[in-house]
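# Residue-level structural notes
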Amino acid sequence: DAVLQVSKRLARLVNQEPGMRAVLTRNDDRFLKLRARMQRAEAAGADLFISIHADSFSDRRVRGATVYVLSEKGATDEAADLVAKRENASDLIGGVDISDKDDVLASVLVDLSQNASLDASMQVGDLFITEMSQIGKMRKPVVQKAGFLVLKAPDIPSILVETAFISNAHDESNLKSVQYQQRLAQAMH
């Protein structure tokens, strides 16, 4: 009812930009496995992956938006997995085939790809916070780092946006508002 609508609004804005095309991982209210979301972004040749959510917490006073990028620990864990699973690795680092590389070189190639993506993710995350803070409360004023699975594509800059806390009455009211959804999409755009 809220984040899918924000996502669709953002997609419409992106699609109005010359040379840009939004691809939603889902178009209706159904659960899509986390790896499948990342795989859809990879299959679409995504230049940026944005995962949009609404948060919830037992303390109903907690409110505001938060922007996340992949933690370096999460990136390191994923890089180790990729090198260990060479049959999948070439699909996950921009099509570069590392199956014929030794472990050290394969690890370096994955690290280089991930470092560039993490740097770009941080820059995008900073821009999102700047824009989103103009329309609503930010729970955290700086980009946070976490090991979210959907952020682990090593060659696609990725951010996860917790738009608000649906467990907070004020945030929930905002998320239900068509006007707020549009303002949020415009800030993200």
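See the structure above.
Let me sum up the structure you'll find in this document. Only a predicted model underlies this, so the values are computations on that prediction, with no experimental measurement involved. (Residues numbered from 1 in each chain as written. Predicted model: local features only at pLDDT ≥ 70, side-chain atom pairs only at ≥ 80, totals over all residues. Heavy atoms only, no water.)

Moving on: the side chain of Ser117. Relative to the helices and strands, Ser117 resides in helix H5 (residues 103-132). If near-sequence neighbours (up to four positions away) are discounted, Ser117 is found in contact with Pro154, Asp155, Ile156 and Pro157. (Helix = DSSP H or I, 4+ residues; strand = E, 2+ residues; numbered from the N terminus. Contact = heavy atoms within 4.5 Å.)

With that out of the way, let us pick up helix H1 (residues 3-15). Compared with the 18 Å implied by 1.5 Å per residue over 13 residues, the 18 Å span of H1 between its first and last C-alpha is a close match. Turning to H1, its buried residues are Val3, Leu4, Val6, Ser7, Arg9, Leu10, Ala11, Leu13 and Val14. In this structure, the buried residues of H1 make contact with strand S1 (49-55), strand S4 (158-165) and helix H7 (178-188). (Expected span 1.5 Å × (residues − 1). Buried < 20%, exposed > 50% of the residue type's maximum accessible area, 1.4 Å probe, protein only.)

Further remarks concern the nonpolar core. Ranked by size, the top nonpolar core spans 26 residues in total, and within it Val67, Phe128, Met132, Ile159, Val161, Leu184 and Met188 carry the most contacts. Elements with a contribution of two residues or more to this core: H1, strand S2 (66-70), H5, S4 and H7. Filtering out sequence-adjacent residues up to four positions away, Met188 remains in contact with Val6, Leu10, Ile52, Phe128, Met132, Val161 and Thr163. Tyr68, Leu118, Ala146 and Val150 belong to the second largest nonpolar core, which has 12 residues in total. (Core = buried A, V, L, I, M, F, W, Y, C linked by side-chain atoms within 4.5 Å.)

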